[in-house]
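# Summary of structural features
What follows is each chain in one-letter form.
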Amino acid sequence: MYETMVKSRAFEERIATAYFEGKSPVFNMANGPIPGEMHLSNGQEPCAVGVCAHLDAADFVTATHRPHHIAIAKGVDLDAMAAEIFGKKTGLSGGRGGHMHLFDARVNFACSGIIAQGMGPAVGAATAFKLRDEKRVAVAFIGEGAANQGAFHESLNLAAVWQAPVVFVIEDNGWGISVAKAQSTAVAHNDNRAASYGMPGHRVTGNDPAAIFAAAGEAIARARAGGGPSLIEIETSRLAGHFIGDAEGYRPAGEKDALFARDPIPALRGKLLGEKMMSEADDLVLVKRAESAVEQAIARARAAPFPAAAEAFDHVFA
Amino acid sequence: MTATATIRENRAKRNLTIAKAMAEALAQEMRRDPSVLVMGEDIAALGGVFGNTRGLLEEFGPARIRDTPISETAFIGAAVGMAAVGMRPVVELMFVDFFGVCMDAIYNMAAKNCYFSGGQANVPMVLMTSVGGGYGDAGQHSQCLYGTFAHLPGMKVVVPSNAYDAKGLMLGAIRDNNPVIFMFHKALQGMGWLGTVQGSINDVPEDDYVVPFGQAAIARAGKDVTIVGLGATVHLALDAAQELIAAGIEAEVVDLRSLVPLDRATVCASVTKTGRLLVVDEDYMSYGVSGEIIASVVEAGTVLKSPPRRIAFPDIPIPFSPTLERPALPSAEKIVAAVTALLRGGR
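This report concerns the structure included in the present document. (Residues numbered from 1 in each chain as written. Chains lettered and ligands numbered in written order. Predicted model: local features only at pLDDT ≥ 70, side-chain atom pairs only at ≥ 80, totals over all residues. Heavy atoms only, no water.)

## Observations regarding the overall build of chain A
What counts here: Under the scheme used here, helices are H or I runs from DSSP no shorter than 4 residues and strands are E runs no shorter than 2 residues, and both carry numbers assigned from the N terminus. This radius of gyration counts C-alpha atoms alone. The globule rule is 2.2 Å times how many residues there are, raised to the power 0.38. Using a 1.4 Å probe on the protein chains alone, a residue whose accessible area is under 20% of its type maximum counts as buried, one over 50% counts as exposed, and one in between counts as partly exposed. Working rule for contacts: check all heavy atoms of both residues, and any pair within 4.5 Å makes them a contact. Computed with the Shrake-Rupley method and a 1.4 Å probe, the accessible areas treat only the protein chains shown as cover for residues. The positive count covers Lys and Arg only, the negative count covers Asp and Glu only, and His and the chain ends enter neither. Lys charges are placed at NZ, Arg charges at CZ, Asp charges at CG and Glu charges at CD.
Per the secondary structure count, chain A includes 11 helices and eight strands. Against the globule reference of 20 Å for 318 residues, chain A gives a C-alpha radius of gyration of 19 Å, in line with a compact fold. Structurally, chain A occupies a C-alpha span of about 50 × 50 × 40 Å along its principal axes. Taking all 318 residues of chain A together, the buried fraction comes to 55%. For chain A, the share of sequence-separated contacts (at least 6 apart) that also reach a separation of at least 24 residues comes to 74%. For chain A, the computed accessible surface area is about 12300 Å², with 57% contributed by carbon and sulfur atoms. Counting 30 positive and 36 negative side-chain charges, chain A places the centres of these two groups 2 Å from one another.

Here you go:
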């Protein structure tokens, strides 16, 4: 889990650097090697690794507009993912989807740029698994802002009515773009909403991968054993703005400093070293390995050819 | 090729309604392919508000014939997920007018996942939905919205005008690896309470057959004018064509059958023959099917003897009162008048 978190962070750091190329002195979203919006997930890595550690390639995951950490934890091909983000022909979908629409059928990973809308497909995939008597599960990742969408409530209800083997994971970073959770959500904790639909709800605090791993393990095991859906809200932190270029004027003074002080990666590193589960040398090897995988993916993405304009017409239909 | 041309000789005719033809197609395909299931509101014990899933629950049981909560966002989204993992769900959106509550699942996921995934994630699902007015149900239960769905890339859109086509289009829709929007007109379903256009009830073979998408039918041959319709307006055009015979006018009626893909070639060939074009659409006039057909004919360089015309629903919400709604709908009388004007060469 630690290595995956490190890899995800390294990936996002390289993406952020590349994203800024060509976008200054005047910020223009269309310029540079990575056009469009870019939503980074750094700080939220524990949610992805803690949940996905219980999944294999056959399990189905839908992610959000902030998908990189989940994609990496689910085993999406790193080279093809990087190439997709750079809009290259060798990308997951040949540059048709980009960063908010990453699909890797090999590991049953999908995402969407529309809030809460991955939940219905997760219920459907889970229902199909149940119908076919397969021991597969589906997991829908959403942000805490998505809990106010109709799709959230409809999908929880449908999953409960059909007792689908699905786990809904809310990454609660406290901010729906620029609006604080307290200003947008009538209840303090969305896991309480699970009770409305007769399913277990669980809240994990502290952005702690071990606690997330434990809670997710229980929910996923229950789903796999035919025990139906669960909802987990995970307290996490968005270390970046909503998108790159977001000045974050809405954040209270000092909040970012406090978040960085609780950055989950150094925290886990300290814990692993402190508990002698990893040596400094192990850490160095592991970090180098993760960084080199990322460097290679980014370098390959940069070197890859762009798709020809005519390829825009492919894959509209199967 | 007319719909009846492929029906075998030496067989007793079996006239079915569109609703029964749809149910028969679903049952046949569910027997053949265990990955097919049907879900939606009131489709199980009730057999569908428009009758197109009658009898299926008894044969296939509640796991494959699933009544859903009134929760289109969730269950149409669920169909996308089922399709992603190898099922072939057929899902009903009871009235097309309800698309507003669930459009993301339809146009952002079902329609775009294939493209966004570079062909990795196909979405083989069918969305059945009822369209059409004329029975005083007002503007949230009477729209056609053909243009809305046909306008957005990534979905195939079919509109049967008769039972033979409904069965063949449904079998083709379920087997298609893409999302297919199957739009059935209420007045053609054969449900007594909605009135029934007799022409929609025709001979349906028990065989397994597919009506290919993108092949318009010549519902009636003629040489003086081409009338293009779809769904219910095909029958209005046929009625008008019958009346026009008395005036010595032979109208050719083209039934589009599918909007995506659209058979522009058959339309253009017909207009090349007749030199005159009238499009009849029950959907809203502006930015819709009627404009698309006329543009296609003009862009193809087809020589016209008089400017093309169209009859469509005016750009107003569909009103409730019969004295407001009925005059706004296309009718055989309007078609006769428009054709007569076309043949005089005027507007």
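## Quick notes on the side chain of B:Asp255
Residue and element names in this part refer to chain B. To keep it simple, the criterion reads: We count a salt bridge whenever a side-chain nitrogen from Lys or Arg sits within 4 Å of a carboxyl oxygen from Asp or Glu. Here a polar contact is taken to be a pair of N or O atoms separated by no more than 3.5 Å, where protein atoms must pair a possible hydrogen donor with a possible acceptor and residues adjacent in sequence count only if both atoms sit in side chains.
By the secondary structure assignment, Asp-255 is in strand E11 (residues 251-255). In this structure Asp-255 is buried but unpaired, with Arg-257 as the nearest side chain of opposite charge at 5.5 Å. Reaching out from Asp-255, the side chain makes a polar contact with the side chain of Ser-161 at a distance of 2.5 Å. Aside from chain neighbours lying at most four places away, what touches Asp-255 is Ser-161, Asn-162, Asp-165, Ala-216, Ala-217, Ala-219, Gly-229, Leu-230, Gly-231 and Val-234.

## Observations regarding the environment of A:Ala240
Residues and elements named next belong to chain A. Within the secondary structure layout, Ala-240 lies in the loop between strand E8 (230-235) and helix H9 (255-261). Owing to a relative accessible area of 17%, Ala-240 belongs among the buried residues under this scheme. Along the sequence, Ala-240 and Ser-279 sit 39 residues apart, while their C-alpha atoms lie 30 Å from each other. Beyond its immediate stretch of four places on either side in the chain, Ala-240 contacts Leu-40, Asn-42, Glu-248, Arg-251 and Lys-256.

## Here's the deal with the nonpolar core
For clarity, the cut-off: Here, nonpolar core means buried Ala, Val, Leu, Ile, Met, Phe, Trp, Tyr and Cys residues that are tied together by side-chain atoms lying within 4.5 Å of each other.
If you look at the biggest cluster of nonpolar residues, it comprises 82 residues, and the most contacted ones within it are A:Phe168, B:Ile76, B:Ile106 and B:Phe149. Looking at which element gives the most residues to this core, the answer is helix H3 (residues 72-84) of chain B, with eight residues. Within the second largest apolar cluster, 64 residues are counted, among which are A:Val49, A:Phe109, A:Val139 and A:Ala216.

## Describing the pattern of salt bridges
Following the criterion strictly, the structure yields 34 salt bridges over all chains and no others. A salt bridge links A:Glu233 to A:Lys181, with the shortest nitrogen-to-oxygen separation between them at 3.0 Å. Of this pair, A:Glu233 sits in strand E8 while A:Lys181 sits in helix H7 (residues 181-184), and the two are 52 residues apart along the sequence. In terms of burial, A:Glu233 and A:Lys181 fall into one category: buried. Here B:Glu59 ties to B:Arg31 by a salt bridge, and the two come within 2.7 Å at their closest N and O atoms. Linking B:Glu59 in helix H2 (residues 56-64) with B:Arg31 in helix H1 (residues 18-32), this pair joins segments that are 28 residues apart in sequence.

## Details of unusual backbone geometry
The omega torsion across A:Ser24 and A:Pro25 is 5°, close enough to zero to call that bond cis. Mapped onto the elements of the fold, A:Pro25 is located in the loop between helix H1 (2-20) and helix H2 (45-52). Looking along the chain, the bond that leaves B:Val260 and enters B:Pro261 is cis, with omega of 0°. Along the chain, the position of B:Pro261 falls in the loop between strand E12 (258-260) and helix H9 (264-274). The residue A:Asn108 is not glycine, and still its phi comes out positive at about 55°. When you line up the elements, A:Asn108 lands in the loop between helix H4 (78-85) and strand E2 (109-111). Non-glycine residue A:His315 carries a positive phi angle of around 70°. Relative to the helices and strands, A:His315 resides in the segment after helix H11 (280-303).

## Focus: the interface of chain B and chain A
By a widespread convention, an interface's size corresponds to the accessible area lost as its parts come together. Quick note on the threshold: Using a 1.4 Å probe, buried area is obtained as the accessible area two parts lose upon being combined, added over both of them. When residue character is reported, Ala, Val, Leu, Ile, Met, Phe, Trp, Tyr, Cys and Pro are called nonpolar, Asp, Glu, Lys and Arg charged, and the others, Gly included, polar.
If you look at the interface, chain B gives 41 residues, while chain A gives 35 residues. Counting the surface lost from both chain B and chain A, the interface buries some 3000 Å², and carbon and sulfur atoms represent 68% of this. By the criterion of area lost to chain A, the three top residues of chain B are B:Val85, B:Tyr115 and B:Phe116, representing 23% of everything that side buries. Seen at the junction of chain B and chain A, the total is zero salt bridges. Between the two partners, chain B and chain A, sit 13 residue pairs in polar contact (both at pLDDT 80 or more). Ranked by residue count, the leading element in the side of chain B that touches chain A is H3(B), at 10 residues. Here the side of chain B that touches chain A is composed, by residue class, of 20 nonpolar, 16 polar and five charged.

## Description of H11(A)
Residue and element names in this part refer to chain A. Test applied: Expected span of a helix, by definition, is 1.5 Å for each gap between consecutive residues, and there is one gap fewer than residues.
Between its first and last C-alpha atoms H11 spans 34 Å; for 24 residues at 1.5 Å apiece the expected length is 34 Å, and the two agree. Buried residues of H11: Asp-283, Leu-286, Val-287, Ala-290, Val-294, Ala-297, Ile-298 and Ala-301, and no others. Buried residues in H11 make contact with H1, H4 and helix H10 (264-274).

## Here we look at the sheet that holds strand E9 (residues 217-220) of chain B
Residue and element names in this part refer to chain B. Stated precisely, the cut-off is as follows: Strands are labelled as partners when DSSP assigns at least two bridges between them. Axis geometry follows a simple rule: fit a line to the C-alpha atoms, using only the stretch in contact for helices, then measure angles between N-to-C directions, giving values from 0 to 180 degrees.
Here five strands make up an open sheet; going across it, the order is E9-E11-E10-E13-E14 and the pairing mixed. The outermost strands of the open sheet, each flanked by one partner alone, are E9 and strand E14 (309-313). For this sheet, the mean inter-axis angle between neighbouring strands, taken without regard to orientation, is 25°.

## Examining the sheet that holds strand E3 (residues 138-143) of chain A
Within a sheet, each strand pairs with its neighbour through backbone hydrogen bonds, oriented either parallel or antiparallel. Residues and elements named next belong to chain A. Spatial ordering of the open sheet is given by E2-E1-E3-E4-E8-E7, a layout of six strands whose pairing is parallel. Looking along the sheet, the strands with just one partner apiece sit at the ends: E2 and strand E7 (201-204). Neighbour to neighbour, the strand axes of the sheet diverge by 20° on average, direction disregarded. Across six bridges, the pairing between E3 and strand E4 (residues 166-172) is parallel.

## Considerations on H9(B)
Residues and elements named next belong to chain B. Stated formally: Read the arc as the range of directions from the helix axis to the C-beta atoms.
Of all the residues in H9, the buried ones are Val-267, Cys-268, Ser-270, Val-271 and Thr-274. The arc that holds every buried residue of H9, seen down its axis, measures 160°, which confines them to one face. Facing away from the buried side of H9 by over 90 degrees, the exposed positions are Ala-265 and Thr-272. Looking at the packing, one finds that the buried side of H9 touches strand E10 (225-229), E11, strand E13 (277-284) and helix H10 (289-299). Gly-275 occupies a position one or two residues after H9 and carries a positive phi of about 80°.

## What about the packing of aromatic side chains?
So the rule is basically this: The pairing test for Phe, Tyr and Trp rings, Trp by its six-membered ring, is centres within 6.5 Å, and the orientation test on the planes gives stacked under 30 degrees, edge-to-face over 60, and tilted for anything in between. A ring has a charge above it when a Lys NZ or an Arg CZ is no more than 6 Å from the ring centre and no more than 35 degrees off the ring normal.
Per the stated rule, a full pass over the model turns up 10 aromatic pairs over all chains. Seen from their ring centres, B:Phe95 and B:Phe98 are 5.2 Å apart, and the 40° between their planes marks the pair as tilted. Between B:Tyr115 and B:Phe116, the ring centres sit 6.5 Å apart and the planes meet at 50°, which makes this aromatic pair tilted. Over the aromatic face of A:Tyr19 sits the side chain of A:Lys23, whose NZ or CZ is 3.8 Å from the ring centroid.

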